[in-house]
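# Breakdown of the fold
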Amino acid sequence: MKKFINAVDQVENEMIQGMVKAFPQYVKKLDCGNVVVRTQKKEGKVALISGGGSGHEPAHGGYVGRGMLDAAVAGAVFTSPTPDQVYEGIKAIATDAGVLMVIKNYTGDVMNFEMAGEMAEAEGIKVAQVVVNDDVAVQDSTWTVGRRGVAGTVFVHKIAGALAETGAGLEDVQAMAQRVINNVRTMGAAISPCTIPAAGKPGFEIADDEMEVGIGIHGEPGTYKEKMMSADAITDIILDKILGDLDYTGSEVAVMVNSSGATPQMELFIINNHVADVLATKGIKVYKTFVGEYMTSIEMEGMSISLLKLDDDMKKLLDAQADTPAFKQL
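This one's a predicted model, so the numbers in the text were calculated from it and none came from an experiment.

### Let's talk about the sheet that holds strand β9 (residues 224-227)
The strand order across the open sheet formed by six strands is β9-β8-β7-β12-β10-β11, and the pairing between neighbours is mixed. The sheet is open, and its two borders are formed by β9 and β11 (285-292), each paired with just one other strand. With strand direction ignored, the average angle separating the axes of adjacent strands in the sheet is 20°. Pairing between strand β10 (residues 252-259) and β11: seven bridges, direction parallel.

### Some points on the nonpolar core
In this structure, L48, L100, F155, V173 and L308 are the most contacted members of the largest nonpolar core, which totals 53 residues. No fewer than three residues from each of domain 1 (16-173) and domain 2 (184-318) sit in this core. Excluding anything up to four places from it in sequence, L100 contacts V46, A47, L48, I49, A128, Q129, V130, A160, L170, V173, Q174 and A177. Among the nonpolar cores identified, the runner-up in size contains 27 residues, and V138, I242, L268 and I271 belong to it.

### A few points about the packing of aromatic side chains
All told, the structure shown has four aromatic pairs when counted by the stated rule. Seen in terms of ring centroids, F155 and F290 are 5.8 Å apart; in terms of plane orientation they differ by 70°. Their pairing is edge-to-face. Here the residue F155 occupies a position in helix α4 (residues 153-165), and F290 occupies one in strand β11, the gap between them amounting to 135 residues. Since its relative accessible area comes to 2%, F155 is described here as buried. Relative to F327, the ring of F290 lies with its centre 5.8 Å away and its plane at 35°, an arrangement referred to as tilted. One end of the pair, F290, is in strand β11; the other, F327, is in the loop between β13 (322-323) and β14 (328-329), with 37 residues separating them in the sequence.

### Remarks on the packing of α4 against helix α8 (residues 312-319)
Helices that pack against each other are described as a pair by the angle of their axes relative to one another and the distance between those axes. The geometry of α4 relative to α8 is characterised by a closest axis approach of 8 Å and an angle of 90° between their N-to-C directions. Classified by the interaxial angle, the pair formed by α4 and α8 is roughly perpendicular. Only M314, L317 and L318 of α8 make contact with α4, whose side of the interface consists of F155, K158, I159, A162 and L163. Here the residues of the contact of α4 with α8 sort into seven nonpolar, no polar and one charged.

### Here's the deal with the pattern of salt bridges
Pairs may arise between side chains of opposite charge once their charged atoms sit close together. Counting across every chain of the model gives 20 salt bridges. D313 is paired through a salt bridge with R179; the nearest N and O atoms lie 3.5 Å apart. Of the two residues, D313 is situated in helix α8 and R179 in helix α5 (residues 170-182); the sequence distance between them amounts to 134 residues. A relative accessible area of 43% places D313 in the partly exposed class. Given a relative accessible area of 30%, R179 falls into the partly exposed group. With its nearest N and O atoms 2.8 Å apart, the salt bridge here joins K227 to D209. Of this pair, K227 sits in strand β9 while D209 sits in the loop between β7 (184-192) and β8 (210-213), placing them 18 residues apart in sequence. Taking the relative accessible area as the measure of exposure, K227 reaches 49% and is therefore partly exposed. Salt bridges here are not isolated pairs; linked through shared partners, they connect R38, K42, K45, D70 and E165.

### Things to note about helix α1 (residues 11-22)
The end-to-end C-alpha distance of α1 is 16 Å, a good match for the 16 Å that 12 residues give at a rise of 1.5 Å each. For α1, the complete set of buried residues consists of V11, E12, I16, M19 and V20. Considered in projection along α1, the buried side chains sweep an arc of 160° and stay on one side of the axis. Among the structural elements, β1 (27-29), β2 (35-38), β3 (47-54) and β4 (71-77) are those in contact with the buried residues of α1.

### Describing the domain arrangement of the protein chain
Considered domain by domain, the protein chain is made up of domain 1 (16-173) and domain 2 (184-318). Centre-to-centre separation of domain 1 and domain 2, based on C-alpha positions: 23 Å. Counting from both sides, the interface comprises 30 residues of domain 1 and, opposite them, 35 residues of domain 2. Across the interface of domain 1 and domain 2, roughly 2,700 Å² is buried in total on both sides, 71% from carbon and sulfur atoms. Considering only the side of domain 1, the residues that lose the most area to domain 2 are F78, V136 and F155, jointly responsible for 26% of the buried surface there. At the junction of domain 1 with domain 2, the criterion picks out two salt bridges. Of the charged contacts in the structure, one is a salt bridge between R147 and D245, with a shortest N-O distance of 2.5 Å. Where domain 1 touches domain 2, the interface holds 15 residue pairs in polar contact (both at pLDDT 80 or more). By residue number, the principal contributor to the side of domain 1 that touches domain 2 is α4, which donates seven residues.

Analysis parameters
- Residues numbered from 1 in each chain as written.
- Predicted model: local features only at pLDDT ≥ 70, side-chain atom pairs only at ≥ 80, totals over all residues.
- Heavy atoms only, no water.
- Pairing = 2+ DSSP bridges.
- Helix = DSSP H or I, 4+ residues; strand = E, 2+ residues; numbered from the N terminus.
- Axes fitted to C-alpha atoms, helices over the stretch in contact; angles between N-to-C directions.
- Core = buried A, V, L, I, M, F, W, Y, C linked by side-chain atoms within 4.5 Å.
- Buried < 20%, exposed > 50% of the residue type's maximum accessible area, 1.4 Å probe, protein only.
- Domains from an automatic or database assignment.
- Contact = heavy atoms within 4.5 Å.
- Phe/Tyr/Trp six-rings, centres within 6.5 Å; stacked < 30°, edge-to-face > 60°.
- Parallel < 35°, antiparallel > 145°, perpendicular 65-115°, else oblique.
- Nonpolar A, V, L, I, M, F, W, Y, C, P; charged D, E, K, R; others polar.
- Salt bridge = Lys/Arg side-chain N within 4 Å of Asp/Glu carboxyl O.
- Expected span 1.5 Å × (residues − 1).
- Arc of directions from axis to C-beta.
- Buried area = accessible area lost by both parts, 1.4 Å probe.
- Polar contact = N/O pair within 3.5 Å; in protein donor to acceptor, adjacent residues only side chain to side chain.

Next comes the structure, spelled out in structure tokens:
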């Protein structure tokens, strides 16, 4: 294993410290673990908290700032944060308007965030939650019951975060977050695995002429192996699955072409070129496109495509200002 790290047991801590030193105008670290919150606390409005295992950067700490999250909790690489960490994050950002937890659908994340929410409610903090499950590749896995939460989570952060900035109530922010979840679908593929520092070896093996279709974001293999194919061909497989799962007919959509960590923008743009063409032939209008690293798997060479079916309210919130280390819309 070759990585630019110091000690395996310090990866997450040193990463968070480095992030805070790079972006002190946006985030500060709590003393209770790898939890970052806004440098300037939001007052009188619903606050948002999200998180999960490290290794998905810029998610989730990179989305802490105006118009998105108020706190992000980072567990060990690909490991759920503890309830105590989440609880401290909730306490640090809580306002009279309440806190919305945005949870990706993994068993440990759901359990630990829910426990933290109960602890916070016992302290008189209003807490609500949504669970993101946008991955169409699998219905159940070793990580979760039901579909996994993957890159579509970023759309939830953006749109719910924008609504919270307007002063909307907790129930309304939760309902909007759920509306995004109901209308976003994602699927991915990879051509090389990632290596968890503590494991010291790749998460799966793959031949030079193979690819993994239906990958998750925790270094796990896909749902099946396929012979390596062109960018257009694998894009067609992914879009067929997404479009077959939700009726996008006549819709406007937001597109996210996401790198798993090692896929360069050159290849992402090639993929997006075909995504746009396919959607145009089907009468689906692309309202806005996002291409880059949004929800990674350390250094996995892979990608995912997300489609969010938009309505007028979501379009307005998607366009609203956001200013965070990893997402800026000014």
